[in-house]
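Take a look at the letters that make up each chain.
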Amino acid sequence: MKLAAPLPRSFYERNTVVVARKLLGKLLVKRSDDGVIIGKIVEDEAYGGRDDPASHAYRGETPRNKVMFGKPGLSYIYFVYGNHYCINATTEREGVPGAILIRAVEIVDGLQLARKNRPAKSVVELANGPGKLTKALGITKVHNELDLTTSTGLFICKPERDASFEVIASKRIGIKAGSEKPWRFYMEGNKFVSRYGAKRDTP
DNA sequence: GAGAAGATCTCCT
DNA sequence: GGAGATCTTCTCA
């Protein structure tokens, strides 16, 4: 599959909510010795800084979340619930915390390898959740703080053809504080969007 | 150092 | 629909 160059750092160096909307439809590329897996981003969530109680950066900088305060366009990967990794892309200018949680992708290449990483009943269930997609793509904490703007093991690029789609905004999922913010974005009618979240939509 | 919480998923009822 | 799994990180004493 022919791939475009990674998105430049200037793409990420903007308001987190703006970048979250723009990130939909882009391709998340994971390269390893086993091969390449490419997922189209169909759902994500924006997380801010001091003004967002749901964000890891709300209480200030810690060793864990320091990536969010660093350069835009880096990967921020953390472990939750003793079971799952979640992948974020950092945003805003250096020193301003912000990140976008990638919640679901549609696997467009490397399907066989993704299924090997995470056996699932159907292609739809392979990566329709934050924990699911990291498992399917083989992403762990070793991929934390990687530069997503260079063609390394992990990066994000534009698709070959820009498809048009409607972006739906809704409340974020799985959080208590700050859940009223409509900072979750997904492609309208896309079946790869995480299911139980889609049910909670109240536009 | 101990205890609690957590941006989830899967299995069981 | 509910609860357990399982471990990292943070807060507080």
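This text follows the structure it describes.
Because the structure is a prediction, the values reported are computed rather than measured.

Criteria and cut-off values
- Residues numbered from 1 in each chain as written.
- Chains lettered and ligands numbered in written order.
- Predicted model: local features only at pLDDT ≥ 70, side-chain atom pairs only at ≥ 80, totals over all residues.
- Heavy atoms only, no water.
- Near = heavy atom within 4 Å.
- Polar contact = N/O pair within 3.5 Å; in protein donor to acceptor, adjacent residues only side chain to side chain.
- Nonpolar A, V, L, I, M, F, W, Y, C, P; charged D, E, K, R; others polar.
- Salt bridge = Lys/Arg side-chain N within 4 Å of Asp/Glu carboxyl O.
- Helix = DSSP H or I, 4+ residues; strand = E, 2+ residues; numbered from the N terminus.
- Buried < 20%, exposed > 50% of the residue type's maximum accessible area, 1.4 Å probe, protein only.
- 1 Å grid on protein atoms, 1.4 Å probe; cavity = no way out; pocket = protein on both sides within 12 Å on 5 of 7 lines; lining within 4 Å.
- Points joined across faces, edges and corners; volume = space filled by probe spheres on them.

Asks: Hey, could you go over the protein's contact with DNA strand C for me, with residue numbers and the actual values?
Replies: Every residue lining DNA strand C is accounted for by Arg59, Thr62, Arg64, Phe79, Tyr81, Gly82 and Asn83. A share of 68% of the atoms of DNA strand C within 4 Å of the protein falls on sugar and phosphate groups. Measuring from a base oxygen of DNA strand C, one finds a backbone N or O atom of glycine 82 at 3.4 Å. Between DNA strand C and asparagine 83, the relevant distance is 2.7 Å, taken from a base nitrogen to a side-chain nitrogen or oxygen of the residue. For the surface near DNA strand C, the residue count by class is two nonpolar, three polar and two charged.

Asks: Give a detailed account of the pattern of salt bridges, specifying residues and quantitative values.
Replies: Tallied over the entire structure, the rule returns seven salt bridges. The closest approach of N and O atoms between glutamate 43 and arginine 103, which form a salt bridge, is 3.0 Å. Placement of glutamate 43 in strand E2 (residues 35-47) and of arginine 103 in strand E5 (residues 99-109) is noted, with a sequence separation of 60 residues between them. Glutamate 43 gets classed as buried once you look at its relative accessible area, which sits at 0%. Accessibility expressed as a relative area gives 5% for arginine 103, which makes it buried.

Asks: An account of the layout of surface pockets is requested, with residue identities and associated values reported.
Replies: As a volume, the largest pocket reaches approximately 950 Å³. Contributing elements (two or more residues each) for the lining of the largest pocket: strand E3 (75-80), strand E4 (84-90), E5, helix H5 (130-137) and helix H6 (195-199). For the lining of the largest pocket, the residue count by class is 16 nonpolar, 12 polar and six charged. Taken as a whole, the second largest pocket spans an internal volume of roughly 300 Å³. Lining the second largest pocket are 17 residues, with Gly25, Pro159, Asp162, Ala163 and Phe165 sitting closest to its centre. In terms of residue class, the lining of the second largest pocket is built from eight nonpolar, one polar and eight charged.

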